[in-house]
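Examining the three-dimensional arrangement
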Amino acid sequence: MVKASPPIRRCLACNYSLEFLSTCRCPECGREFNPMDSNTFAVSRPLTRGWFIATVVVWLYPIGLLVAPYIAWLIAWATLRRRPQPSGDWPGNISILLDLFQFLYAISIIAFPAAVALGIIANIWLARAYLLSFTRAAWLHLGFILMWVSSIAISRFDPWRIGIWFFD
Ligand SMILES: [Zn+2]
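Residues numbered from 1 in each chain as written. Predicted model: local features only at pLDDT ≥ 70, side-chain atom pairs only at ≥ 80, totals over all residues.

**What to know about the domain arrangement of the chain**
Taken domain by domain, the chain comprises domain 1 (1–45) and domain 2 (49–167). Placing a centre on the C-alpha atoms of domain 1 and another on those of domain 2 gives a separation of 38 Å. Taken together, the residues that form the side of domain 1 that touches domain 2 break down as two nonpolar, two polar and two charged. (Domains from an automatic or database assignment. Nonpolar A, V, L, I, M, F, W, Y, C, P; charged D, E, K, R; others polar.)

In structure tokens form, the structure reads like this:
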């Protein structure tokens, strides 16, 4: 279990951290707060390491799906010592490692709707933990969706016909 970090007091107006101050005034924007009155400041929890790793995994998932066939192709090239052919050099016939790789990739593809859903939840949580403004939170979600869309688009475009080799 990851222990939760202590909450951080933040300015209601500008979100600046209000920890370790000698006065009850935001050093960034000058807004006053009362340390005994929780209505005068916001509270956020910094990312724990477990959450941080989960967020990174969720963001790297679409990139992983995009590059996995290329990594498999390079492994096949290194094993065969020549360029793998789309018909004939089936990944499973080249090495057991590629067979396993293809199997894990198939599972990752099946799990992709769950990965998208988990990503959106992670981003909502991230926006809350860091008290992001509506605009910043919207950019966070847009960035995540764009990453998925571009990964899928590049996979489908498949300029070097590597996807065809991998899925064949
Ligand atoms: Zn402030």
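**Topic: helix H5 (residues 134–157)**
Taking 1.5 Å per residue as the helical rise, H5 with its 24 residues ought to reach 34 Å, and the 34 Å between its terminal C-alpha atoms agrees with that figure. Asp158 occupies a position one or two residues after H5 and carries a positive phi of about 45°. (Helix = DSSP H or I, 4+ residues; strand = E, 2+ residues; numbered from the N terminus. Expected span 1.5 Å × (residues − 1).)

**A closer look at the environment of Leu104**
Tracing the backbone through its elements, the reader meets Leu104 in helix H3 (residues 96–110). Distance from Leu104 to Arg10, taken between C-alpha atoms, is 43 Å for residues 94 residues apart in sequence.

**A look at the confidence of the model for the chain**
Residues at a pLDDT of 70 or more form 96% of the chain, whose mean pLDDT is 86. When mean pLDDT is compared element by element in the chain, H5 scores highest at 91, while helix H2 (residues 91–94) scores lowest at 81. (pLDDT = per-residue confidence, 0-100.)

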